[in-house]
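# Notes for the structure review
Here are the chains, one letter per residue:
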Amino acid sequence: MERRPSNIWLIIVAGLFIVVPFLTWYFTWFGRNLSEQDLATYLADEKNPRHIQHALLQIEQRIESGDQSSRKFYPQIVASSKSAHAEIRKTAAWVMGQDNKSDEFHRALIDLMKDEDPLVRRNAALQLVRFNDAAGRPELRAMLQPFDAKTPIAGHVVSLLPVGNAVRAGAMLARIRDSSDNVAEFRSPVDGIVAALAVKEGDPVQSGQTISSLNPDRATLLNALEALAYVGTKDDLQLVEACTKLEVSAVTANQTSLTAKSIRSREQ
């Protein structure tokens, strides 16, 4: 009787197609609960930014629930706000806003207002409002205005994202060919909508030159408007009321009205 070939290897391979993606998802999923030891270890893992973000978000949940044990991690959270990775600094800024009684968080957020990354500055400015601190007001105002996306790359423009396209931070705005004939991608520093182009395909560009002007998207406008409702002044009213021209929606119009009303009530 002829022996049938074993299917064991097919079963193993099929199993790997299921198990490997699951394990990858499980160990990168931010919702996975971490032990006290894991939190300390993850926060110190500068080589793996996702580990630090995972730990920061877990601690944020503890702070929000009033868990005082989270305070032992405060020095590491402040240290994360000085990370070489902008994503970590941005997340740390958000987490520090959850305890508006912490002086060390307050000081760290003020320091982040000088950060080179606009999203880090924006998160810090929004969280400072929780401390009843208007130090981030200039950044909040900037969130209501067009953002000039300046390329750090010199060369010749190969391609450009056209006007009208919505972009998220990290999305490609242009491809630029440098002097070595390498094509590099210039990515958006912020969320927004391409409102105007300062160059065209084929143009030479220098490092620091504006490529595109980005209007703020709805989420950016709403965040800034909500914050300015608490720390805005009469000098911000014209800028606030102009938001309905940047983003035409009932939601933005309503928040614009509420913010303007709140500012006027404080200025009386």
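Structure: above.
Residues numbered from 1 in each chain as written. Predicted model: local features only at pLDDT ≥ 70, side-chain atom pairs only at ≥ 80, totals over all residues. Heavy atoms only, no water.

Further remarks concern the overall build of the protein. Along its length, the protein carries 12 helices and eight strands. Within the protein, residue pairs in contact and separated by at least 24 positions form 60% of the contacts whose partners lie at least 6 positions apart. A total accessible area of about 15100 Å² is found for the protein, and carbon and sulfur atoms account for 54% of it. (Helix = DSSP H or I, 4+ residues; strand = E, 2+ residues; numbered from the N terminus. Contact = heavy atoms within 4.5 Å. Areas by Shrake-Rupley, 256 points an atom, 1.4 Å probe, with all protein chains shown as cover.)

Turning our eyes to something else, we now look at the sheet that holds strand S7 (residues 204–205). On the basis of which strands lie adjacent, the open sheet formed by four strands has the order S5-S4-S2-S7 and antiparallel pairing. Sheet topology places strand S5 (183–187) and S7 at the edges, where each strand pairs with a single neighbour. Looking at chain direction, strand S4 (residues 172–177) and S5 are connected through five bridges and run antiparallel. Looking across to S5, one finds that Met172 is bridged to Arg187. (Pairing = 2+ DSSP bridges.)

Another point: the packing of aromatic side chains. On inspection of all chains with the given rule, the structure shows one aromatic pair. Geometrically, the ring pair formed by Tyr74 and Phe105 is tilted, given 4.3 Å between the ring centres and 35 degrees between the ring planes. Here the residue Tyr74 occupies a position in helix H4 (residues 74–80), and Phe105 occupies one in helix H6 (residues 103–112), the gap between them amounting to 31 residues. Summarising the burial analysis for this pair, Tyr74 and Phe105 share the class buried. (Phe/Tyr/Trp six-rings, centres within 6.5 Å; stacked < 30°, edge-to-face > 60°. Buried < 20%, exposed > 50% of the residue type's maximum accessible area, 1.4 Å probe, protein only.)

Rolled over the atoms, a probe with the dimensions of a water molecule shows which regions are left empty. In this structure, the largest pocket encloses a volume near 500 Å³. Lining the largest pocket are 20 residues, and of these Trp94, Asn123, Leu126, Met143 and Asn223 sit closest to its centre. Counting residues per element, the lining of the largest pocket draws most heavily on helix H9 (residues 218–231), at six residues. Class assignment for the residues of the lining of the largest pocket results in nine nonpolar, four polar and seven charged. (1 Å grid on protein atoms, 1.4 Å probe; cavity = no way out; pocket = protein on both sides within 12 Å on 5 of 7 lines; lining within 4 Å. Points joined across faces, edges and corners; volume = space filled by probe spheres on them. Nonpolar A, V, L, I, M, F, W, Y, C, P; charged D, E, K, R; others polar.)

Right, let's talk about the sheet that holds strand S8 (residues 209–215) for a bit. Here four strands make up an open sheet; going across it, the order is S1-S8-S6-S3 and the pairing antiparallel. Each of the sheet's edge strands pairs with one partner strand only, and the pair in question is strand S1 (147–151) and strand S3 (166–167). With two bridges connecting them, S3 and strand S6 (residues 192–197) associate as antiparallel partners. Among the inter-strand pairings, Ala166 is bridged to a residue of S6, identified as Ile193.

Let's shift gears to the packing of helix H5 (residues 86–96) against helix H7 (residues 118–128). At their nearest, the axes of H5 and H7 sit 8 Å apart, and the two run at 5 degrees to each other. Considering the angle they form, H5 stands roughly parallel to H7. The segment H5 lies against H7, with Ala86, Arg89, Lys90, Ala93 and Trp94 engaging Leu119, Val120, Asn123, Ala124 and Gln127. Taken together, the residues of the contact of H5 with H7 sort by class into six nonpolar, two polar and two charged. (Axes fitted to C-alpha atoms, helices over the stretch in contact; angles between N-to-C directions. Parallel < 35°, antiparallel > 145°, perpendicular 65-115°, else oblique.)

Turning to the pairing of S8, a few remarks are in order. Within a regular strand, side chains alternate between the sheet's two faces. Burial within S8 is extensive, with six of its seven residues counted as buried. Sheet analysis places S1 next to S8, joined by five bridges and oriented antiparallel. Counted as the bridge partner of Ala149 is Ser212 from S8. Pairing of S6 with S8, which is carried by four bridges, proceeds in the antiparallel orientation. Each residue of the ladder has a partner; that of Val194, found in S8, is Leu214.

Our next topic: the pattern of salt bridges. Within the structure shown, the criterion is met by 14 salt bridges. The partner of Asp203 in a salt bridge is Lys200, with the nearest N and O atoms 3.3 Å apart. Taking relative accessible area as the criterion, Asp203 reaches 19% and is therefore assigned buried. Taken together, the shared-partner salt bridges in this structure form one network comprising Arg137, Arg141 and Asp236. (Salt bridge = Lys/Arg side-chain N within 4 Å of Asp/Glu carboxyl O.)

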